Amino acid sequence: MRVLHVVVPLLFVVLAAVALVAAVRGRFSIVHDMSRPYFWLLVVQWLFLAGDAALGENRPAFERAWKGAIAVLLAASFGIGLWRRRRAQAASPPPTDA
C-alpha cells in the first residue's frame, strides 16, 4: 500500500512535467479554449492543489511537496500558453470591415 502513496503522486508530477514540456515546445496549450468546462475544472483543481500545498496543516511533507510541484508545473504551463496566445493575437492584424 505504501508504494501507491509514492508511485501515483510521482506519476502525476511526471505527467504535469510532460504538460510543461509540451507547452514549452508549442505542441499543447491548456488555454486554447477557456470557454470549455474542463478548463475551469482544471483551474479549480489547481486551486485545491495549491491550497493543500500551501496551507495543508495536518498533511505529510511529501504530500504537500508533490501537490506543490504539480501546482507550480501547471501554473507554468498555463502561463506559457497564455503568453503564446497573447503574442499570437498581437501579431495577427485586426480584421478589416469591408
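Look a little higher up for the structure.
Below: a short report on this structure. (Residues numbered from 1 in each chain as written. Predicted model: local features only at pLDDT ≥ 70, side-chain atom pairs only at ≥ 80, totals over all residues. Heavy atoms only, no water.)

1. Examining the side chain of Lys67
Then, in step 1: One can find Lys67 in helix H3 (residues 61-91).
Then, in step 2: Side chain to side chain, Lys67 and Asp52 meet in a polar contact 3.0 Å long. (Helix = DSSP H or I, 4+ residues; strand = E, 2+ residues; numbered from the N terminus. Polar contact = N/O pair within 3.5 Å; in protein donor to acceptor, adjacent residues only side chain to side chain.)

2. Comments concerning the packing of helix H1 (residues 2-25) against H3
Then, in step 1: It is the contact of H1 with H3, at a shortest axis distance of 9 Å, that shows an interaxial angle of 15°. Looking at the two axes, H1 sits roughly parallel to H3. You can see that H1 and H3 cross each other, and the crossing is left-handed. In this structure, H1 contributes His5, Val6, Pro9, Phe12, Val13, Ala16, Ala17, Ala19, Leu20, Ala23, Val24 and Arg25 to the contact, and H3 contributes Phe62, Trp66, Ala69, Ile70, Leu73, Ala76, Ser77, Ile80 and Arg84.
Then, in step 2: Residues that form the contact of H1 with H3 fall into these classes: 17 nonpolar, two polar and two charged. (Axes fitted to C-alpha atoms, helices over the stretch in contact; angles between N-to-C directions. Parallel < 35°, antiparallel > 145°, perpendicular 65-115°, else oblique. Left-handed = near helix turned anticlockwise from the far one by under 90°. Contact = heavy atoms within 4.5 Å. Nonpolar A, V, L, I, M, F, W, Y, C, P; charged D, E, K, R; others polar.)

3. Considering the nonpolar core
Then, in step 1: Residues Val13, Ala16, Leu20, Leu49, Trp66, Ile70, Ala71, Leu73 and Leu74 constitute the largest nonpolar core, which totals nine residues.
Then, in step 2: Counting residues per element, the ones that place at least two in this core are H1 and H3.
Then, in step 3: Broken down by element, this core gets its largest block of residues, five residues, from H3. (Core = buried A, V, L, I, M, F, W, Y, C linked by side-chain atoms within 4.5 Å. Buried < 20%, exposed > 50% of the residue type's maximum accessible area, 1.4 Å probe, protein only.)

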